[in-house]
Amino acid sequence: MASFSTAQPLSLPRHPTFSNPSQPMTNNDRSRHTLSLIDRCSNLRQLKQIHAQMVRTGLFNDPYSASKLFAISALSHFASLDYACKVFDQIPQPNSFTWNTLIRAYASGPDPLRSISVFLDMVSDGQFGPNKYTFPFLIKAAAEVSSLSLGQSLHGMAVKSAVGCDVFVANSLIHCYFSCGDLDSACKVFTTIQEKDVVSWNSMITGFVQKGSPDKALELFKKMESEDVKASHVTMVGVLSACAKTRNLEFGRRVCSYIEENRANVNLTLANAMLDMYTKCGSIEDAKRLFDGMEERDNVTWTTMLDGYAILEDYEAAREVLNSMPKKDIVAWNALISAYEQNGKPNEALLVFHELQLQKNIKLNQITLVSTLSACAQVGALELGRWIHRYIKKHGIRLNFYVTSALIHMYSKCGDLEKAREVFSSVERRDVFVWSAMIGGLAMHGCGNEALDMFYKMQEANVKPNGVTFTNVFCACSHSGLVDEAELLFKEMESSYGIVPQEKHYACIVDVLGRSGYLEKAVKFIEAMPIPPSASVWGALLGACKIHANLSLAEMACTRLLELEPRNDGAHVLLSNIYAKSGKWESVSELRKHMRVTGLKKEPGCSSIEIDGTLHEFLSGDNEHPMCEKVYGKLNEVMERLKANGYEPEMSQVLQIIDEEEMKEQSLNLHSEKLAICYGLISTEAPKAIRVIKNLRVCGDCHSVAKMISQLYDREIIVRDRYRFHHFRNGQCSCNDFW
């Protein structure tokens, strides 16, 4: 049999059994030989050559041969839907197989809904109706676009066509209903299947895992075992994923033993699923043993190990895995950046990001940008955040919901609320996370009424709020004194929005009431809670007692808080502040002594400021900064100028018992935010704003100092502390209450 070349037009050779040229090939010989050539095609050009020969020889009029050519043009690895449609249009009378092939091709293509149009054309043609092979492709199209209504309609048509109980149709329906989030309908279809195959079970197990019900997946696997259904690799991957999500190491090990006992051929996908289960469940020893024994590894394998070490906060080992990877891809870099960012190490995340920027042939993706923007938000790295925003625009990266939310969050937490508003307004489509991010940004900047307006506009846009939305709205109400509005929304949470209040929501309402001075009402609210008050609830009450100097209630709140969290240094410090403000220095002394005896240390105050894209950190009394002499020189100048204009230090802010007034004043002057502001004064010029990030609550003295500096030095100062923003301009602060 002659071979063909991609450079030459194909010709149909004589059959090898005919050595005499005078004996031509029969039509059957030509047909068999052409079909064998179609099977051997490796690119579209070869297929077009065969197509041309078939048209010339009349073989294209044979329905079977034409269908074979069409199927390859539509479904092969080199398929072209445009070309396939042209072939389809040339077929005089397409048979049922040809129609189904075209429907299948569109269902798997970039526009799945076009398969529905083809289906309607087939029905209107009148020669063929849908069969059990048609519906799985149509249902797949509905699943691809997550159209529940379309899936339900196709389900009804399949039942009317008497193929609704066919196992292939039913399996497709299960997948479709899961894709659309209708778990109940998926379960109902599963129960109607008389003879379930392993795909039926796999569809249910995988669906439960992907839709957040891993416990149900494990229960179904147990039932599958009890019915003696032999599991496949797909089953094992689904079950192992369920174990990983539920952190069920015991069951996961049992599954791994099941695989070994049944002598299953462990392919790379299954091995990676086993590895993922071990790492997610925290058994790094099992993971390492499996990893070392794997003959084949891909980037998923390496990244899974990296994630495993990162989960245990063993960043040195995680970094070693990254360095050992044969080929570092963006997924691995993202894993390390995300691990640092999500575990409270934003500076380390940014260092890894800067290292990634130096790598050649690795393109940043949306996950990279979201994680890095979150790290920027934590430390207030506005310049880097702006660079990322410019990168997004320059490279035409689509602003999906995650990137949009991350940009809004970054700008808000870095103090540029106007830019956050600009990003929000620039996108046409907004999901609950985008709306919640904007509401949260307004809340932390003290724009309570605007945050409430945004909340109601969100509902007008038919976007349903979630728990995070309510947390942000309550915070907005808290910092703006909107007590009635917060109480009303809290009452409507479950009745009108179907959201059961969680601990954080109760803590927010206590904060709303407490900040506004309704301390007794806050106590009654706590007593009426249907769930045990958490540490955050008692912390909110304790903070309110600090604002309103209610010593007796503060002692009670602190006692309850410490019963839940004995090592909470913030509670000790807050109560110590209250004692100091009340002049009860003996109680301050006892509390400080208790902290020393128990080894409990106050979290050191730390403030950071970004200058020319570089973050500079200052601790209280810091001498480590290379420009510390100039900073302290500026501090002395500033304090002298403030005193000349009526400044008096608030000595109640000093926690320790210090007899000399001069020492008390010096202690106040060493607060980290004062050092950061002074560094901003010597490193920048007006009208550039001085932006400072503080890890703790800003004390009253530092608040007064920042207010006076903004007036005397004609500078805008923006300080973000643990709870909110403080905007200082012309000797005024935009916040309603600086606490």
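Fair warning: this is a prediction, and the values are worked out from it, not measured in the lab.

(A) View of the domain arrangement of the chain. You can read the domains of the chain as domain 1 (430-495), domain 2 (502-602) and domain 3 (607-733). Facing the four residues of domain 1 at the interface are four residues of domain 3. For the domain 1 and domain 3 pair, buried surface summed over both sides reaches about 440 Å², with 54% attributable to carbon and sulfur atoms. By the criterion of area lost to domain 3, the three top residues of domain 1 are Met444, His445 and His479, representing 94% of everything that side buries. Where domain 1 packs against domain 3, one counts zero salt bridges. Partitioning the side of domain 1 that touches domain 3 into residue classes produces one nonpolar, three polar and no charged.

(B) Structural context of the UniProt feature "repeat: PPR" (unreviewed entry) in the chain. The sites that UniProt annotates as "repeat: PPR" (unreviewed entry) are residues 197-231, 267-297, 298-332, 400-430, 431-465 and 466-496. Secondary structure across residues 197-231 divides into 74% helix and 0% strand, with the first and last C-alpha atoms of the span separated by 10 Å. The distance separating the terminal C-alpha atoms of residues 267-297 is 10 Å; by composition the span is 74% helix and 0% strand.

(C) Inspection of the state of the cysteines at higher detail. If you walk through the whole model with that rule in mind, you get zero disulfides. Among the cysteines around Cys165, which has no disulfide bond, Cys187 carries the closest sulfur, lying 16 Å off. Residue Cys165 is classed as exposed on the basis of its relative accessible area, which comes to 58%. Cysteine Cys545 is unpaired, with the sulfur of Cys558 as its nearest cysteine sulfur at 10 Å.

(D) Summary view of the packing of helix 2 (residues 44-57) against helix 3 (residues 63-75). Two numbers describe how helix 2 lies on helix 3: the axes approach to 11 Å, and their chain directions differ by 160°. Taken together, the axes of helix 2 and helix 3 lie roughly antiparallel to each other. Handedness of the crossing formed by helix 2 with helix 3: left-handed. Where helix 2 approaches helix 3, its residues Leu47, His51 and Met54 are matched on the opposing element by Ser65, Ala66, Leu69, Ile72 and Ser73. The residue inventory of the contact of helix 2 with helix 3, partitioned by class, reads five nonpolar, three polar and no charged.

(E) Expanded view of helix 25 (residues 432-444). The terminal C-alpha atoms of helix 25 lie 18 Å apart, and with 13 residues this matches the ideal 18 Å at 1.5 Å per residue to within 8%. Burial runs high along helix 25: twelve of the 13 residues are buried. Regarding helix 25, the residues found buried are Val432, Val434, Trp435, Ser436, Ala437, Met438, Ile439, Gly440, Gly441, Leu442, Ala443 and Met444. On its buried face, helix 25 is in contact with helix 23 (401-413), helix 24 (417-426), helix 26 (448-460), helix 27 (467-480) and strand 5 (725-729). Two or three places before Phe433, at the start of helix 25, stands the capping residue Asp431, its side-chain oxygen 3.1 Å from that residue's backbone nitrogen.

(F) The confidence of the model for the chain, seen in detail. On average, the chain scores 90 in pLDDT, and the residues at 70 or more come to 92%. In the predicted structure, residues 1-21 sits below a pLDDT of 50 and forms 39 contacts with residues beyond four places in sequence or in another chain. Taken together, the stretch residues 656-664 has pLDDT below 50 and engages in twelve contacts with residues farther than four places along the chain or on a different chain.

(G) Seen up close, unusual backbone geometry. Omega for the peptide link from Ala686 to Pro687 comes to 10°, which places this bond in the cis form. Positioned with a positive phi, Asp228 is a non-glycine residue whose angle comes to about 60°. With relative accessibility at 71%, the residue Asp228 sits in the exposed group. Within the chain, Asn730 stands out as a residue other than glycine whose phi angle is a positive 55°. On the secondary structure map, Asn730 appears in the loop between strand 5 and strand 6 (732-733). Judged by its relative accessible area of 49%, Asn730 is partly exposed.

(H) Local environment of the packing of aromatic side chains. Inspection of the entire model under this criterion finds 21 aromatic pairs. Considering the side-chain rings of Phe470 and Phe474, the 6.0 Å spacing of their centres and the 45° angle between planes classify their relative orientation as tilted. Of the two residues, Phe470 and Phe474 both sit in helix 27, four residues apart, roughly one turn of that helix. Each member of the pair, Phe470 as well as Phe474, carries the same accessibility label: buried. Of the aromatic side chains, those joined through ring pairs into one cluster are Phe455, Tyr456, Phe470, Phe474, Phe490, Tyr497, Tyr506 and Phe525. Here the guanidinium or amino end of Arg297 rests over the ring plane of Phe291, the centre of that ring lying 4.0 Å away. One Lys or Arg, Lys521, reaches over the ring of Tyr518 and ends 5.9 Å from the middle of that ring.

Conventions used here
Residues numbered from 1 in each chain as written. Predicted model: local features only at pLDDT ≥ 70, side-chain atom pairs only at ≥ 80, totals over all residues. Heavy atoms only, no water. Domains from an automatic or database assignment. Contact = heavy atoms within 4.5 Å. Buried area = accessible area lost by both parts, 1.4 Å probe. Salt bridge = Lys/Arg side-chain N within 4 Å of Asp/Glu carboxyl O. Nonpolar A, V, L, I, M, F, W, Y, C, P; charged D, E, K, R; others polar. UniProt positions renumbered as here; feature names shortened; annotations may be inferred. Helix = DSSP H or I, 4+ residues; strand = E, 2+ residues; numbered from the N terminus. Disulfide = S-S within 2.5 Å. Buried < 20%, exposed > 50% of the residue type's maximum accessible area, 1.4 Å probe, protein only. Axes fitted to C-alpha atoms, helices over the stretch in contact; angles between N-to-C directions. Parallel < 35°, antiparallel > 145°, perpendicular 65-115°, else oblique. Left-handed = near helix turned anticlockwise from the far one by under 90°. Expected span 1.5 Å × (residues − 1). Polar contact = N/O pair within 3.5 Å; in protein donor to acceptor, adjacent residues only side chain to side chain. pLDDT = per-residue confidence, 0-100. Phe/Tyr/Trp six-rings, centres within 6.5 Å; stacked < 30°, edge-to-face > 60°. Lys NZ or Arg CZ within 6 Å of the ring centre and 35° of its normal.

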